[in-house]
Amino acid sequence: MRNRRAAAGAILAVAATAVAGSLATDTKSAWYRRLRKPSWQPPGPVFGLVWTPVYALIGYAGARALSKADEPAGVGRALAVNLALNAAWTPLFFRLRRPGLALADILALNVANTALLVQCGRADRKAGLALLPYTAWTAFATALNAAIVARNRD
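Everything in this summary refers to the structure shown in the same document.

About the cut-offs
Residues numbered from 1 in each chain as written. Predicted model: local features only at pLDDT ≥ 70, side-chain atom pairs only at ≥ 80, totals over all residues. Heavy atoms only, no water. Salt bridge = Lys/Arg side-chain N within 4 Å of Asp/Glu carboxyl O. Helix = DSSP H or I, 4+ residues; strand = E, 2+ residues; numbered from the N terminus. Buried < 20%, exposed > 50% of the residue type's maximum accessible area, 1.4 Å probe, protein only. Polar contact = N/O pair within 3.5 Å; in protein donor to acceptor, adjacent residues only side chain to side chain. Phe/Tyr/Trp six-rings, centres within 6.5 Å; stacked < 30°, edge-to-face > 60°. Lys NZ or Arg CZ within 6 Å of the ring centre and 35° of its normal. Expected span 1.5 Å × (residues − 1). Contact = heavy atoms within 4.5 Å. Core = buried A, V, L, I, M, F, W, Y, C linked by side-chain atoms within 4.5 Å.

### Observations regarding the pattern of salt bridges
Under the counting rule described, the total for this entry stands at 1 salt bridge. The salt bridge partner of Asp 124 is Arg 64, with a shortest N-O separation of 2.4 Å. With Asp 124 in the loop between helix 5 (99–123) and helix 6 (125–130) and Arg 64 in helix 3 (residues 44–68), this pair connects stretches of sequence that are 60 residues apart. The same class applies to Asp 124 and to Arg 64, which are both buried.

### A word on the side chain of Ser 67
With respect to the element layout, Ser 67 can be found in helix 3. A relative accessible area of 6% means that Ser 67 is categorised as buried. Reaching out from Ser 67, the side chain makes a polar contact with the backbone oxygen of Arg 64 at a distance of 2.9 Å.

### With respect to the packing of aromatic side chains
Going through the model one piece at a time under the given rule, you end up with 11 aromatic pairs. When the centroid spacing of 5.5 Å and the interplanar angle of 65° are considered together, the rings of Trp 31 and Phe 93 count as edge-to-face. Residue Trp 31 is found in helix 2 (residues 30–34), and its partner Phe 93 is found in helix 4 (residues 72–95); the two are separated by 62 residues along the sequence. Across the pair, Phe 93 and Trp 31 agree in class, each one buried. Centroid distance Phe 93 to Phe 94: 4.9 Å. Interplanar angle 65°. Geometry classified as edge-to-face. One aromatic cluster is present, formed by Trp 31, Tyr 32, Trp 89, Phe 93 and Phe 94 through successive ring pairs. The ring centre of Tyr 32 lies 4.4 Å from the NZ or CZ of Lys 37, which sits over that ring.

### Structural notes on helix 5
Along its 25 residues, helix 5 runs 35 Å from first to last C-alpha, staying within 8% of the 36 Å computed at 1.5 Å per residue. By the burial criterion, the buried members of helix 5 are Pro 99, Ala 102, Leu 103, Asp 105, Ile 106, Leu 109, Asn 110, Ala 112, Asn 113, Leu 116 and Cys 120. Against helix 2, helix 3, helix 4, helix 6 and helix 7 (132–151) lie the buried residues of helix 5.

### A look at the side chain of Asn 113
Turning to its location among the elements, Asn 113 is positioned in helix 5. Dropping the residues within four chain positions of it, Asn 113 is found in contact with Asn 82, Tyr 134, Thr 135 and Thr 138.

### Side note on helix 4
Relative to the 34 Å expected for 24 residues at 1.5 Å per residue, helix 4 spans 34 Å between its end C-alpha atoms, a close match to the ideal helical length. Among all positions in helix 4, only Gly 74, Val 75, Ala 78, Leu 79, Asn 82, Leu 83, Asn 86, Trp 89, Thr 90, Leu 92, Phe 93 and Phe 94 are buried. In the core, the buried residues of helix 4 are packed alongside helix 1 (4–24), helix 2, helix 3, helix 5 and helix 7. Looking one or two residues past helix 4, Arg 97 carries a phi angle of roughly 55°, positive in sign.

### Quick word on the nonpolar core
Formed by 34 residues in total, the largest nonpolar core has its most connected members in Ile 58, Leu 79, Phe 93, Cys 120 and Leu 131. Contributions of two or more residues to this core are made by helix 1, helix 2, helix 3, helix 4, helix 5, helix 6 and helix 7. For this core, the leading source of residues is helix 4, giving 8 residues.

Written as structure tokens, this is what we have:
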């Protein structure tokens, strides 16, 4: 397996992003509870149930693509940008209490998801396919973030 260190680094980076997001999330704050949310927002526990396997798939895809890529630098850059945007969303939304700024971040994350999917898919088809749930979930999260912004303009 080529690029073993890079693959291990990808898994560690994804795990760090997941932990950082988990620690920055505060759904029990008075501010969050007061937000007007759409009726189609899933219950809180669903987010952890979805994000856990999604992060595992990101780690798998990143590690697999990095280990198989002829030129892993493109995959590594796409993954780094993606994880930085991913990690930024939670503190923007929950800590800074800036849903609009978080929306801008997640819109950029959607673009980064596409770039990551393309880079990983070029390196390895299975790696690219493993990212499809992430791109779908992030698109849903974008719609949810946008709905929260629209309902809380005041």
